[in-house]
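# Architecture at a glance
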Amino acid sequence: MQRIATCLMFVGDQYGRAEAAMRRTAGREHRFTFTPAMSLVLDCDSEQQLDAAFAELSDGGTVLMPLQAYPFSTKFGWLQDRFGVSWQLNLATGGF
């Protein structure tokens, strides 16, 4: 492998909108793919932020655990976005 470009994820002030980040390997193909075995975890400060982020990220993706109350959180959801990236979203005051 000659080079790996840095992979960055930006989460802005737009209530959970995330910009897609890509990993590149010097023009070579690879067999890497995303699986639910690794998730990005996002603690949201408000229920509105959580709802907006979940709606945006699940659009075109697959919901693995619906956004609702669970024994470990007052509001939590788990999904794979349209790129296959696994996300666990939690209401920060819900304890996770």
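The model shown is predicted, which means the values in this text are computed figures rather than measured ones.

### A look at the nonpolar core
- Leu42, Cys44, Leu50, Ala53, Phe54, Leu57, Leu79, Val85, Trp87, Leu89 and Leu91 form the largest nonpolar core, which has 11 residues in total.
- With four residues, the single largest contributor to this core is helix α1 (residues 47-58).
- When sequence neighbours within four positions are dropped, the list of residues in contact with Leu57 reads Leu79, Asp81, Arg82, Trp87 and Leu89.

### Some thoughts on the packing of aromatic side chains
- In the structure shown here, the tally under the stated rule is three aromatic pairs.
- Ring centres 5.5 Å apart and planes at 10° place the aromatic pair Tyr70 and Phe72 in the stacked group.
- You can call Phe72 partly exposed: its relative accessible area is 34%.
- Taken together through their ring pairs, the aromatic side chains of Tyr70, Phe72 and Phe76 make up a single cluster.

### Things to note about the pattern of salt bridges
- Under the defined criterion, the tally for this structure stands at two salt bridges.
- A salt bridge links Lys75 to Glu47; the shortest N-O distance between them is 2.8 Å. Separated by 28 residues along the polypeptide, Lys75 in strand β5 (residues 73-80) and Glu47 in helix α1 bring together distant segments of the chain.
- Look at Lys75 and you get buried, because its relative accessible area is 13%.
- Given a relative accessible area of 40%, Glu47 falls into the partly exposed group.

### Thoughts on the pairing of β5
- Burial analysis of β5 places six of its eight residues in the buried class, the great majority of the element.
- Bridge count between strand β4 (residues 62-70) and β5: five bridges; the pairing is antiparallel. Looking across to β5, one finds that Val63 is bridged to Leu79.
- Counting the residues that bridge the hairpin from β4 to β5 gives two residues.
- Relative to strand β6 (residues 86-91), β5 runs antiparallel, the two sharing five bridges. Bridge pairing in β6 places Gly77 opposite Leu89.
- Between β5 and β6, which follow one another and run antiparallel, lie five residues, and Gly84 among them has a positive phi close to 90°.

### Here we look at α1
- An ideal rise of 1.5 Å per residue puts 16 Å on 12 residues; α1 measures up with 16 Å between its terminal C-alpha atoms.
- Tucked into the core, α1 has its buried residues touching β3 (39-44), β4, β5 and β6.
- Immediately beyond the C-terminal end of α1, within one or two residues, lies Gly60, with a positive phi of roughly 85°.

### Considering the side chain of Lys75
- Within the local environment of Lys75, its side chain forms a polar contact with the side chain of Asp51, the two groups lying 2.7 Å apart.
- Once you skip the residues sitting within four places of it in the chain, Lys75 turns out to touch Glu47, Leu50, Asp51, Leu67, Gln68, Ala69, Leu89, Asn90 and Leu91.

Procedures and definitions
- Per chain, residues are indexed from 1 in the order of the written sequence.
- A pLDDT threshold of at least 70 governs which residues receive local features in this predicted model, and a stricter bar of 80 or more applies before side-chain atom pairs are shown or counted, although totals over entire chains, interfaces and linings include all residues.
- Excluded from the side-chain calculation are hydrogens and water; included are all heavy atoms of the structure.
- Joining through side-chain atoms within 4.5 Å is the link that ties buried Ala, Val, Leu, Ile, Met, Phe, Trp, Tyr and Cys residues into a set, and such a set is a nonpolar core.
- Only protein chains enter the calculation, and the probe is 1.4 Å; a residue is then buried if its accessible area is under 20% of its type maximum, exposed if over 50%, and partly exposed in between.
- Strands here mean DSSP runs of E at least two residues long; helices mean DSSP runs of H or I at least four residues long; both are numbered from the N terminus.
- Note on contacts: a residue pair is in contact if any heavy atoms of the two residues lie within 4.5 Å.
- Centres within 6.5 Å are what make two rings of Phe, Tyr or Trp a pair, Trp counting through its six-membered ring; a difference in plane orientation under 30 degrees is then read as stacked, over 60 as edge-to-face, and the rest as tilted.
- For this analysis, a salt bridge means a side-chain nitrogen from Lys or Arg found within 4 Å of a carboxyl oxygen belonging to Asp or Glu.
- Following DSSP output, two strands are said to pair if at least two bridges run between them.
- The span expected for a helix works out to 1.5 Å for each residue beyond the first.
- We define a polar contact as two N or O atoms separated by no more than 3.5 Å, with the added condition that, inside protein, one atom must be a possible hydrogen donor and the other a possible acceptor, whereas residues neighbouring each other in sequence contribute only through side-chain atom pairs.

Just geometry here; none of it tells us what the structure is for.
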